[in-house]
Amino acid sequence: MALLAKETLGHDPMKGVAVVFRAKRPARVKIVVWDGTGLAMYWKRLDGSGFKWPPIVAGVMRMNAAQLSALLAGMDWTRMHAPRIPQPKALA
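Parameters at a glance
The numbers attached to residues start from 1 for each chain and follow its sequence in the written order. Only residues with pLDDT of at least 70 are given local features in this predicted model, and only at 80 or more are side-chain atom pairs given and counted; all residues enter the totals for whole chains, interfaces and linings. Processing note: side-chain calculations cover all non-hydrogen atoms of the structure and skip hydrogens and water entirely. Note on definitions: salt bridges are taken to be side-chain nitrogens of Lys or Arg within 4 Å of carboxyl oxygens of Asp or Glu. Accessible area is worked out with a 1.4 Å probe on protein chains only. A residue is then buried under 20% of its type maximum, exposed over 50%, and partly exposed in between. For two strands to be treated as a pair, DSSP must find no fewer than two bridges joining them. Put simply, DSSP marks the helices as runs of H or I at least four residues long and the strands as runs of E at least two long, and each gets a number from the N terminus on. The contact definition used throughout considers only heavy atoms, calling two residues in contact when any of these lie within 4.5 Å. Fitted lines through C-alpha atoms serve as axes, helices being fitted only where they are in contact, and the angles separating the N-to-C directions of these axes extend from 0 to 180 degrees. In this description, a nonpolar core means a group of buried Ala, Val, Leu, Ile, Met, Phe, Trp, Tyr and Cys residues linked to one another through side-chain atoms lying within 4.5 Å.

Engineer: How would you summarise the pattern of salt bridges if you had to cite specific residues and measurements?
Structural biologist: Applying the stated criterion across every chain yields a total of one salt bridge. Across the pair Arg45 and Asp47 runs a salt bridge, and its minimum N-O distance is 3.3 Å. For Asp47, a relative accessible area of 62% translates into the label exposed.

As structure tokens, this is what we get:
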């Protein structure tokens with residue numbers, strides 16, 4: 001799966017990219033990620049519902065870490081937004 005991600009999608013899991021594979025059934029997902037010592041594959045299945053997937057843009061679905069966590073928890077990831085941190089004002 002890591003080789004498929006690298007050759008087909010152009011994303012290398014060994015460089016810190018978590019690659020999420022969607023199954024045919026909407027309630028199943030596989031994740032390939034580098035954990036610092038080797039490649040790890042996680043498999044998750046939701047009971048009673050399916051995952052809410054982001055739209056496909058140029059053949060890829062992109063999510064940030066908070067959205068991925070919400071997706072894997074079975075929550076609506078579209079409600080997850082990064083907090084806006086105001087820029088500090090320059091001291092005179």
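Next, the rest of the story.
Engineer: Please provide a residue-by-residue account of the pairing of strand S3 (residues 39-45), values included.
Structural biologist: Pairing analysis gives seven bridges linking strand S2 (residues 28-34) to S3, with the strands arranged antiparallel. Directly across from Lys30, in S3, lies its bridge partner Trp43. The antiparallel pairing of S2 with S3 creates a hairpin that spans four residues between the two strands, and Gly36 there sits at a positive phi of about 105°.

Engineer: Please set out the environment of Leu71 residue by residue, giving values where relevant.
Structural biologist: Relative to the elements of secondary structure, Leu71 occurs in helix H2 (residues 65-72). Classification of Leu71 by relative accessible area gives buried; the value is 1%. Non-local contacts of Leu71, meaning those with residues more than four positions away in its chain, are made with Phe51, Lys52, Trp53, Met63 and Trp77.

Engineer: So, the sheet that holds strand S1 (residues 19-22): which residues are in play, and what are the values?
Structural biologist: Ordered in space as S1-S2-S3, the three strands form an open sheet in which the pairing is antiparallel. Edge positions in the sheet fall to S1 and S3, since each has one partner strand and no second. Between one strand and the next, the sheet's axes are offset by a mean angle of 20°, whatever the strand orientation.

Engineer: Explain the nonpolar core residue by residue, including any values.
Structural biologist: Grouped together as the largest cluster of nonpolar side chains are 11 residues: Ala27, Val29, Ile31, Leu46, Phe51, Trp53, Leu68, Ala70, Leu71, Leu72 and Trp77. Elements that contribute at least two residues to this core include exactly S2 and H2. Tallying contributions element by element places H2 first for this core, with four residues. Every residue in contact with Leu46, bar those within four places of it in the chain, is listed here: Ala27, Phe51, Leu72 and Gly74.

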